[in-house]
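Tertiary structure, described
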Amino acid sequence: MSDLLQQFDLVIGLEVHCQLDTQSKLFCGCSTSFGGEPNAHTCPVCLGLPGALPVVNKKVLDSAIALALAVGADIRQRSVFARKQYFYPDLPKGYQISQFDLPFCEKGGITLTSGKFIELTRIHIEEDAGKNVHGDKNSFVDLNRAGIPLLEIVSTPQLESAEEASDFLRRLHSIVRFLEISNANMEEGSFRCDANVSLKRKGATKLGTRCEIKNLNSFRNIERAIHYEAVRQADIIVQGGTIIQQTMLFDANSGSTRPMRSKEESHDYRYFPDPDLPVLFINEERIEKTRKSLPELPAQLEKRFIEQFELPAVDAAQLTSDRDLAKYFESSTKFLKKGTPKLAANWILSELAREVNDRSWTYMNCPVSAQSIAQLVNAIGEGTISGKIAKTVFKSMVETGKDPETIIKEEGLVQISDKSAIRTLVERIVNENPAQVAEFLSGKEKIIGFFVGRIMKESGGKMNPAAVNAVLLSTLNSKKVGS
Amino acid sequence: MSSTKISSLSAKAIVSGLASRSFALDDVIATFVERTKKVCPALNSHVFFSEEVISKQVDALKKTSNPESYPLFGVPVLVKDNICTMDMPTTCGSKILAGYVPQYDATVISRLRNAGAVIFGKTNQDEFAMGSSNENSAYGPVKNPWDLERVPGGSSGGSAAAVAAELVPVALGSDTGGSIRQPASFCGVVGLKPTYGAVSRYGLVAYGSSLDCIGPITRSVEDAAMVFDVISGHDPKDATSLHSGSREIPNSEAMVSKKRIGVISELIGTGNDLDTTHSFKEAVLELKALGAVVEEVSLPEIEYSIAMYYLIATAEASSNLARFDGIRFGHRSSDPTQSLKELYLNSRSEGFGKEVKQRIMLGTFALSSGYYDAYYGKALNAREQLKSAVKRLFSQYDFLISPTSPTTAFKIGEKIADPLSMYLSDIGTIAANLAGIPAISIPCGMSESRLPIGLQIMAPWNQETSLLQLAGIYEKKLKWSERYKPNV
């Protein structure tokens with residue numbers, strides 16, 4: 001596969017549709033909540049009944065301004081809503097109110113992990129369509145989703161690999177989550193991505209024909225779909241064929257893409273300014289107001305975490321990929337004494353993240369508080385417990401919600417660092433196993449593991465491993481001298 | 001008071017007569033119900049009339065404790081069939097909406113109900129307000145009460161005919177290119193097209209959204225002002241609705257003195273018939289006699305107004321009418337084996353009439369990629385030029401006048417085969433829609449063959465008050481409606 005692709009440059013542009021978390025829809029007062037009986041959240045406006053008219057929900061504008069500022073885009077002082085026209089049962093008016101030649105904002109961009117900057121073409125505001133539901137004999141239309149506000153974010157085709165594409169998407173995802181403008185739940189479809197993929201011969205300037213892959217609903221699937229599509233296109237080109245511009249659907253089960261419809265047959269959308277909606281004016285004052293209430297964004301936070309907590313870049317990137325996670329980590333650091341932020345980050349990103357994931361917790365409602373995690377890390381740092389015992393303590397924290405200090409006390413898990421206690425046990429074990437001692441003395445130093453194992457077993461794992469090692473070595477070595 | 005007399009009363013006289021107990025609410029309602037039943041069949045002015053729905057409203061009205069606080073208490077009001085009413089079907093004169101009853105009342109309807117008006121039924125119209133003769137209705141043409149062989153004008157033909165025939169004192173119409181004023185002119189009644197946005201469009205089934213206005217058709221300027229007062233004002237449900245101030249109407253002849261009135265020279269040329277030319281000249285003399293300074297002015301952009309209109313209105317219509325697809329409401333083609341595409345095609349082909357299809361195709365073409373700039377884009381630019389030209393004229397003149405229509409009512413069938421000549425008959429009225437300014441048509445004369453002739457007065461943006469003042473003073477001087485009445 002990679003051999004084939006080595007002859008080509010991959011050119012990827014993404015179009016992301018992000019549902020905004022406003023209480024009500026873009027052009028009417030209906031609820032935006034997910035689910036509900038079909039067509040429960042509808043009114044004459046979002047049903048597209050004759051005579052009904054749209055009125056812009058001002059809350060949507062603040063969300064759009066926030067995202068525009070977060071990605072450094074240029075907000076248009078005046079932007080225009082336009083009608084995008086096509087017939088489909090889930091589109092009640094026969095047109096979608098979107099933006100066309102005068103979008104909400106342009107430019108701006110997102111910096112990838114590699115430091116590469118991906119410029120955006122535009123971000124515009126539009127309404128979502130409803131959903132067609134197919135039964136055995138009949139089809140039905142559910143318009144609960146119709147009219148929910150979307151931001152469409154369009155990147156320039158500067159992404160050069162599936163990994164860059166998913167990195168871009170993850171970063172955009174965390175930005176909208178940090179801004180709290182969208183729950184960006186990919187499974188529920190509130191954060192959807194289409195990818196335009198094309199190939200060009202290495203070093204060539206002319207772009208190839210592109211295919212659009214629709215509705216990619218997880219970061220992993222985006223990578224898989226782009227990989228598959230790139231190979232599919234490379235195969236065709238290498239065999240002397242031509243790429244047909246078409247819309248592809250990714251099948252997550254088979255991991256392949258297949259044509260949905262040919263773009264050649266695609267509609268002339270006949271965009272024109274929506275006469276029902278006046279020109280949208282955004283003044284400086286409104287922008288400044290939003291700017292002042294903007295939270296710290298993932299990229300800034302990532303930089304600060306690296307500097308302030310001396311974290312490796314990978315950890316900082318992971319911690320700041322989610323607003324709640326970043327908050328959780330930062331509040332845990334406030335309780336750190338002997339433990340290091342790095343150790344706290346390790347615990348949070350590995351043990352805790354797994355539990356949060358498996359148990360469908362969120363960092364905010366998780367029974368293991370940030371303070372508890374800090375206590376656990378402190379206990380390790382102070383030498384009160386070993387890393388191994390810490391896992392036992394953590395398990396109990398997860399099950400009971402108790403704090404680690406209580407658990408350590410109740411279950412008697414305090415690590416034994418008392419040299420005399422350790423020496424007593426070490427000497428007993430050494431004396432009980434003369435054969436192994438002889439092996440050690442004959443130069444088989446690896447046998448030391450046997451002693452450590454016995455000692456830890458006897459002590460119930462509570463003895464400080466470093467101290468045990470030191471005492472054991474000195475005891476065994478003293479046998480050398482003594483013989 | 002006898003029922004013939006009640007049916008001739010203005011809305012204002014009905015309200016005050018009820019307040020002074022000169023007659024009872026039941027008398028008023030019975031008079032108009034009886035007259036409607038008698039006259040309506042000859043005119044075909046109604047598409048919906050139900051005594052049951054009327055009595056329900058009247059019963060509710062009777063329960064109110066303080067009728068005096070309702071500005072239109074007990075006034076029967078007919079409503080053009082493209083305005084949504086939740087207790088009556090709203091079909092827009094189209095088969096595609098046959099039997100369709102909206103889930104909600106248009107804002108104007110709620111305002112009328114809250115003012116104590118009784119919604120008396122729905123009037124016939126050109127399908128989706130597309131037409132100037134009312135011959136494009138799926139429910140048959142409306143007859144002009146002055147001559148049953150002639151058209152009442154359109155598209156609000158049913159409303160104008162019904163008011164002229166005294167089936168009600170007030171009807172609502174909608175005006176996209178002259179659809180209130182031209183039928184008002186043909187039927188010898190008053191028709192007001194307000195400033196774009198002065199009256200909420202919420203619940204008006206859209207034709208050309210950037211041009212559509214709802215307005216009153218009445219037999220007196222005073223009634224038009226009264227109804228306008230009730231239905232106008234900001235509506236949060238319509239993003240294009242205006243915030244307007246108070247609209248009190250001091251009436252005095254002194255107001256006309258020294259006012260500067262421009263006669264649009266492009267609209268008094270050879271296209272007008274002799275009767276119209278003659279009556280208009282008399283109207284000019286009348287205004288001069290009232291002390292106004294009247295001079296000819298040129299608005300050359302008006303020559304292009306029909307071209308602009310038929311691009312902008314049809315483009316918007318092609319989009320506005322996309323929702324009539326047979327999926328959620330209205331006519332759906334019944335073939336169970338058809339594909340989705342066929343369902344769309346068949347439902348729309350069966351449901352829409354010829355003129356509507358023609359305009360949808362025209363508008364679709366004007367918006368098509370590759371043609372947008374040459375047609376729709378150019379029309380928008382031309383519209384801006386017309387707007388600024390009109391604004392310039394209003395910096396020198398308080399009002400602009402012209403005949404409302406180049407001719408009096410023509411015969412049914414006379415122009416149906418020649419759409420271009422039909423389109424051209426709108427030349428006098430379209431500019432006000434393109435510019436968004438208020439305009440009124442009031443009777444100003446009679447032709448030799450006893451057909452009414454209308455005078456159009458246009459005022460600057462949002463100046464309904466002075467427009468209604470001038471029209472009211474002229475009307476009082478002329479006493480037209482006291483001299484002429486149709487024989488139906």
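Residues numbered from 1 in each chain as written. Chains lettered and ligands numbered in written order. Predicted model: local features only at pLDDT ≥ 70, side-chain atom pairs only at ≥ 80, totals over all residues. Heavy atoms only, no water.

1. A look at the overall build of chain B
Spelled out, the test is: Strands here are runs of E lasting at least two residues and helices are runs of H or I lasting at least four, both read from the DSSP assignment and numbered beginning at the N terminus. The globule rule is 2.2 Å times the number of residues to the power 0.38, and the radius of gyration it is compared with is taken over C-alpha atoms. Think of it in three bands: with a 1.4 Å probe and only protein chains considered, a residue is buried below 20% of the maximum accessible area for its type, exposed above 50%, and partly exposed in between. Any two residues whose heavy atoms approach within 4.5 Å at even a single point are treated as in contact. Under the convention used here, a 1.4 Å probe and the Shrake-Rupley method define accessible areas, while residue burial counts only the protein chains that appear. Neither His nor the chain ends contribute to the count of charged residues, in which Lys and Arg are positive and Asp and Glu negative. Taken as the charge centre is NZ of Lys, CZ of Arg, CG of Asp or CD of Glu, depending on the residue.
For chain B, the helix and strand inventory stands at 17 helices and 11 strands. In terms of C-alpha radius of gyration, chain B reaches 21 Å, essentially the compact-globule figure of 23 Å for 488 residues. Viewed in the frame of its principal axes, chain B has a C-alpha envelope of about 65 × 55 × 45 Å. When burial is assessed residue by residue, chain B has 62% of its 488 residues classed as buried. Of all intrachain contacts in chain B linking residues separated by at least 6 positions in sequence, the fraction that spans at least 24 positions is 76%. Accessible surface, chain B: about 17600 Å² in total, of which carbon and sulfur atoms supply 53%. Positive and negative charge centroids in chain B, built from 48 and 50 side chains respectively, lie 2 Å apart.

2. Topic: the overall build of chain A
Along the backbone of chain A there are 16 helices and 17 strands. Computed over the C-alpha atoms, the radius of gyration of chain A is 30 Å, more than 25% above the 23 Å expected from 2.2 N^0.38 for a compact globule of 483 residues. With respect to the three principal axes, the spread of C-alpha positions in chain A is 100 × 55 × 50 Å. Each of the 483 residues in chain A was classed as buried or not, and the buried ones make up 52%. A fraction of 69% describes how many contacts in chain A between residues 6 or more apart in sequence connect residues 24 or more apart. Total accessible area on chain A stands at roughly 22700 Å², and carbon and sulfur atoms take up 50% of it. Across chain A, the 60 positively charged side chains and the 61 negatively charged ones have centroids separated by 3 Å.

3. Focus: the sheet that holds strand 16 (residues 272-273) of chain A
Residue and element names in this part refer to chain A. Formally: Pairing between strands requires that DSSP locate at least two bridges from one strand to the other.
As summarised here, the arrangement of the 3 strands in space is 5-4-16, forming an open sheet in which the pairing is antiparallel. Each having just a single partner strand, strand 5 (95-99) and strand 16 make up the two edges of the open sheet. Two strands pair when backbone bridges link them, and strand 4 (residues 81-85) and strand 16 are joined in this way by 2 bridges, in the antiparallel orientation. Opposite alanine 82, over in strand 16, you have proline 273 as the bridge partner.

4. Quick look at the domain arrangement of chain A
Residue and element names in this part refer to chain A. Short version of the rule: Residue ranges labeled as domains rest on an automatic or database domain assignment. The term buried area means the drop in 1.4 Å probe accessible area that two parts suffer when joined, counted for both and summed. Throughout this description, the term salt bridge denotes a Lys or Arg side-chain nitrogen within 4 Å of a carboxyl oxygen of Asp or Glu. Polar contact is the term for a pair of N or O atoms within 3.5 Å; when the atoms are in protein, one must be able to donate a hydrogen and the other to accept it, and sequence-neighboring residues count only if both atoms are side-chain atoms.
By the assigned domains, chain A splits into domain 1 (2-290), domain 2 (296-410) and domain 3 (419-482). Every contact between the two is made by 8 residues of domain 1 and, on the other side, 13 residues of domain 2. Together domain 1 and domain 2 conceal approximately 850 Å² of surface at their shared face, both sides included; 57% is due to carbon and sulfur atoms. By the criterion of area lost to domain 2, the three top residues of domain 1 are Arg171, Arg177 and Phe178, representing 63% of everything that side buries. At the junction of domain 1 with domain 2, the criterion picks out 3 salt bridges. Across the salt bridge formed by glutamate 180 and arginine 323, the nearest N and O atoms sit 3.5 Å from each other. Between the two partners, domain 1 and domain 2, sit 2 residue pairs in polar contact (both at pLDDT 80 or more). If you tally residues by element for the side of domain 1 that touches domain 2, the top one is helix 3 (residues 162-179), at 6 residues.

5. Here's the deal with the pairing of strand 8 (residues 293-297) of chain B
Here 5 bridges tie strand 7 (residues 260-264) of chain B to strand 8 of chain B, and the two strands are oriented parallel to one another. Bridge pairing in strand 8 of chain B links glycine 262 of chain B to glutamate 295 of chain B.

6. Digging into a nonpolar patch on the surface
Put simply, the rule reads: For patch building, the residue pool is restricted to those with more than 30% relative accessible area and no salt bridge; the joining distance is 9 Å between like charges and 5 Å between nonpolar side chains (Val, Leu, Ile, Met, Phe, Trp, Tyr).
Nonpolar side chains collect at one region of the surface, where Phe365, Tyr371 and Tyr375 of chain B lie side by side and expose about 280 Å² of accessible area between them. Taking the relative accessible area as the measure of exposure, tyrosine 375 of chain B reaches 33% and is therefore partly exposed.

7. Brief notes about the sheet that holds strand 11 (residues 452-458) of chain B
All names here are of chain B. How we decide: Comment: axis = line fitted to C-alpha atoms, over the contacting stretch for helices; angle = value between 0 and 180 degrees taken between N-to-C directions.
If you trace the 11 strands from one edge of the open sheet to the other, you get 1-3-2-4-6-5-10-11-9-7-8, paired in mixed fashion. The sheet terminates laterally at strand 1 (46-48) and strand 8, the two strands that pair on one side only. Pairs of neighbouring strands in the sheet enclose a mean axial angle of 30°, with direction left out of account. On the sheet, helix 6 (residues 157-164) packs against strand 1, strand 2 (76-80), strand 3 (118-123), strand 4 (170-175) and strand 6 (213-218) and is oriented at approximately 155° with respect to strand 4.

8. Details of the side chain of aspartate 274 of chain A
Residues and elements named next belong to chain A. Within the secondary structure, aspartate 274 sits in the loop between strand 16 and strand 17 (280-281). For aspartate 274, the side chain forms a polar contact with the side chain of arginine 83, separated by 3.2 Å. Reaching out from aspartate 274, the side chain makes a polar contact with the backbone nitrogen of aspartate 276 at a distance of 2.8 Å. In contact with aspartate 274, other than residues within four places in its own chain, are Phe81, Ala82, Arg83, Tyr95 and Ile97.

9. A short note on the packing of helix 13 (residues 419-432) of chain A against helix 15 (residues 448-458) of chain A
Each packed pair of helices is defined by two parameters, the angle between the axes and the distance between the axes. Residues and elements named next belong to chain A. Using the following cut-off: Working rule for angles: under 35 degrees goes down as roughly parallel, over 145 as roughly antiparallel, 65 to 115 as roughly perpendicular, anything else as oblique. Take the far helix as the reference: if the near one is turned anticlockwise from it by less than a right angle, the crossing is left-handed, and if turned clockwise, right-handed. For this classification, Asp, Glu, Lys and Arg are treated as charged, while Ala, Val, Leu, Ile, Met, Phe, Trp, Tyr, Cys and Pro are nonpolar and the rest, including Gly, are polar.
Direction vectors running N to C along helix 13 and helix 15 enclose 125°, while the axes themselves pass 10 Å from each other. Considering the angle they form, helix 13 stands oblique to helix 15. Crossing geometry of helix 13 relative to helix 15 is assigned as right-handed. Between helix 13 and helix 15, the residues in contact are Leu425, Val426, Arg428, Ile429 and Val430 and Phe451, Arg454, Ile455 and Glu458, respectively. Considered class by class, the residues forming the contact of helix 13 with helix 15 number 6 nonpolar, no polar and 3 charged.

10. Some remarks on the packing of aromatic side chains
Rule in force here: Ring pairs shown here join Phe, Tyr and Trp side chains whose ring centres sit within 6.5 Å, with only the six-membered ring taken for Trp; geometry is labelled stacked below 30 degrees between planes, edge-to-face above 60, and tilted in between. We count a charge as sitting over a ring when the NZ of a lysine or the CZ of an arginine lies within 6 Å of the ring centre and within 35 degrees of the ring normal.
With the rule as written, the count across this model stands at 29 aromatic pairs over all chains. Seen from their ring centres, phenylalanine 27 of chain A and phenylalanine 81 of chain A are 5.6 Å apart, and the 80° between their planes marks the pair as edge-to-face. With a gap of 54 residues between them, phenylalanine 27 of chain A in the loop between strand 1 (8-19) and helix 2 (58-70) and phenylalanine 81 of chain A in strand 4 connect regions that are remote in the sequence. Ring centres of tryptophan 480 of chain B and tyrosine 484 of chain B lie 5.1 Å apart, and the angle between their planes is 50°; on these two criteria the pair is classed as tilted. By relative accessible area, which is 4% here, tryptophan 480 of chain B ends up buried. Feature note: the residues Tyr100, Phe128, Phe324, Phe329 and Phe352 of chain B constitute an aromatic cluster, connected by ring pairs. Above the ring of tyrosine 269 of chain A, the side-chain terminus of lysine 84 of chain A is found at 4.4 Å from the ring centroid. The ring of phenylalanine 410 of chain B carries the charged tip of lysine 415 of chain B above its face, separated from the ring centre by 4.6 Å.

11. Observations concerning the nonpolar core
Put simply, the test is: Take the buried Ala, Val, Leu, Ile, Met, Phe, Trp, Tyr and Cys residues and link them wherever side-chain atoms come within 4.5 Å; each set so joined is a nonpolar core.
Formed by 135 residues in total, the largest nonpolar core has its most connected members in Leu67 and Ile125 of chain A together with Phe128 of chain B. When neighbours within four sequence positions are excluded, leucine 67 of chain A is seen to be in contact with Ile123, Leu151, Ile153, Leu172, Ile175, Val176, Leu179 and Ile181 of chain A. By size, the runner-up hydrophobic cluster in this structure holds 97 residues, among which are Ile54, Ala164, Leu467 and Trp480 of chain B.

12. Here we look at the interface of chain A and chain B
Taken together, the contacts link 31 residues of chain A with 38 residues of chain B. Around 2700 Å² of area is buried between chain A and chain B when both sides are counted, 60% of it from carbon and sulfur atoms. For the chain A face of the interface with chain B, the top three residues by lost area are Pro50, Leu53 and Phe87 of chain A, together amounting to 23%. Counting across the interface, chain A meets chain B through 1 salt bridge. Here aspartate 276 of chain A makes a salt bridge to arginine 201 of chain B, at a shortest N to O gap of 3.1 Å. In this assembly, chain A and chain B are joined by 16 residue pairs in polar contact (both at pLDDT 80 or more). Along the lines of polarity and charge, the residues of the side of chain A that touches chain B split into 22 nonpolar, 4 polar and 5 charged.

13. Comments concerning the state of the cysteines
Residue and element names in this part refer to chain A. Put simply, the test is: Note on terminology: pairs of cysteine sulfur atoms within 2.5 Å are recorded as disulfides.
Counted according to the given criterion, the structure contains 0 disulfides over all chains. Distance from the sulfur of cysteine 28, which forms no disulfide, to the nearest cysteine sulfur (cysteine 43) is 3.8 Å. With no disulfide of its own, cysteine 211 lies closest to cysteine 193 among cysteine sulfurs, the gap being 15 Å. Judged by relative accessible area, cysteine 211 falls into the buried class, the value being 0%.

14. Focus: helix 10 (residues 370-382) of chain A
Residue and element names in this part refer to chain A. Selection rule: For a helix, the expected span equals 1.5 Å multiplied by the residue count minus one.
Under the 1.5 Å per step criterion, the end-to-end length of helix 10 is 18 Å for 13 residues, consistent within 8% with the ideal 18 Å. The element helix 10 is largely enclosed, with a buried count of 10 among its 13 residues. Here helix 10 has its buried residues at Ala370, Ser372, Ile373, Ala374, Gln375, Leu376, Val377, Asn378, Ala379 and Ile380. Elements that come into contact with the buried residues of helix 10 comprise helix 8 (323-333), helix 9 (341-358), helix 11 (387-400) and helix 12 (404-410). Immediately downstream of helix 10, the backbone of glycine 383 shows phi near 85°, a positive value.

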